[in-house]
Amino acid sequence: MTEKSLLLKNALVLATMDDARREIADGAVLVKGRQIMAVGTTAEVMAGLERTADETIDLSGHVLLPGLVNT
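Description of the structure in this document. Predicted, not measured: the structure shown is a model, and the values here were computed from it. In every chain, residue numbers begin from 1 and rise along the written sequence. Given that this is a predicted model, residues contribute local features only at a pLDDT of at least 70 and side-chain atom pairs are listed and counted only at 80 or more, while totals for whole chains, interfaces and linings are drawn from all residues. With hydrogens and water stripped out, all remaining heavy atoms of the structure feed into the side-chain values.

Remarks on the environment of Gly33
Filter applied, for reference: Strands here are runs of E lasting at least two residues and helices are runs of H or I lasting at least four, both read from the DSSP assignment and numbered beginning at the N terminus. Contacts: residue pairs with any heavy atoms within 4.5 Å of one another.
Mapped onto the elements of the fold, Gly33 is located in the loop between strand E2 (23-32) and strand E3 (35-41). Residues Gly33 and Gly48, spaced 15 residues apart in sequence, show a C-alpha to C-alpha distance of 17 Å. Once you skip the residues sitting within four places of it in the chain, Gly33 turns out to touch Glu3 and Lys4.

Focus: the nonpolar core
Which entries qualify depends on this criterion: What we call a nonpolar core is a set of buried Ala, Val, Leu, Ile, Met, Phe, Trp, Tyr and Cys residues that are connected through their side-chain atoms within 4.5 Å. The buried label applies to any residue whose accessible area, calculated with a 1.4 Å probe on protein chains only, is under 20% of its type's maximum; exposed applies above 50%, and partly exposed to all values in between.
Within the largest apolar cluster, eight residues are counted, these being Leu8, Ala11, Leu14, Ile24, Val29, Val31, Leu59 and Leu64. Of all elements in the fold, only strand E1 (5-15) and E2 reach the threshold of two or more residues within this core. With residues near it in sequence (within four places) discarded, Leu14 still touches Arg22, Glu23, Ile24, Gly27, Ala28, Val29, Val39, Gly40, Leu64 and Pro66. Listed in part, the five residues of the second largest apolar core include Leu7, Ala28, Val45 and Ala53.

Focus: the pairing of E2
Along a regular strand, successive side chains alternate from one face of the sheet to the other. Let me state the cut-off plainly: For two strands to be treated as a pair, DSSP must find at least two bridges joining them.
Of the strand pairs in this sheet, E1 and E2 are connected by eight bridges, and their pairing is antiparallel. Looking at E2, one finds that Ser5 is bridged to Lys32. When E2 meets E3, the two strands line up antiparallel, connected through six bridges. Bridge pairing in E3 places Ala28 opposite Gly40. If you look at the hairpin formed by E2 and E3, you'll find two residues sitting between the two strands, and Gly33 has a positive phi there, around 65°.

Pasting the structure below:
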């Protein structure tokens, strides 16, 4: 069974939660199965795609917080 891919793109701001606490304008995240495969600007992530993602969600006007677990 092939894992599905999901592209979240055009986020107003992508807050990475990495050690540098980077905030990326026009951010995007590529997820395959349950794993984050790529994080960066929409242009950077889309340039790295071998093909289109199985599903794409346009997050224009939204803030993206990948990996945030709100307990």
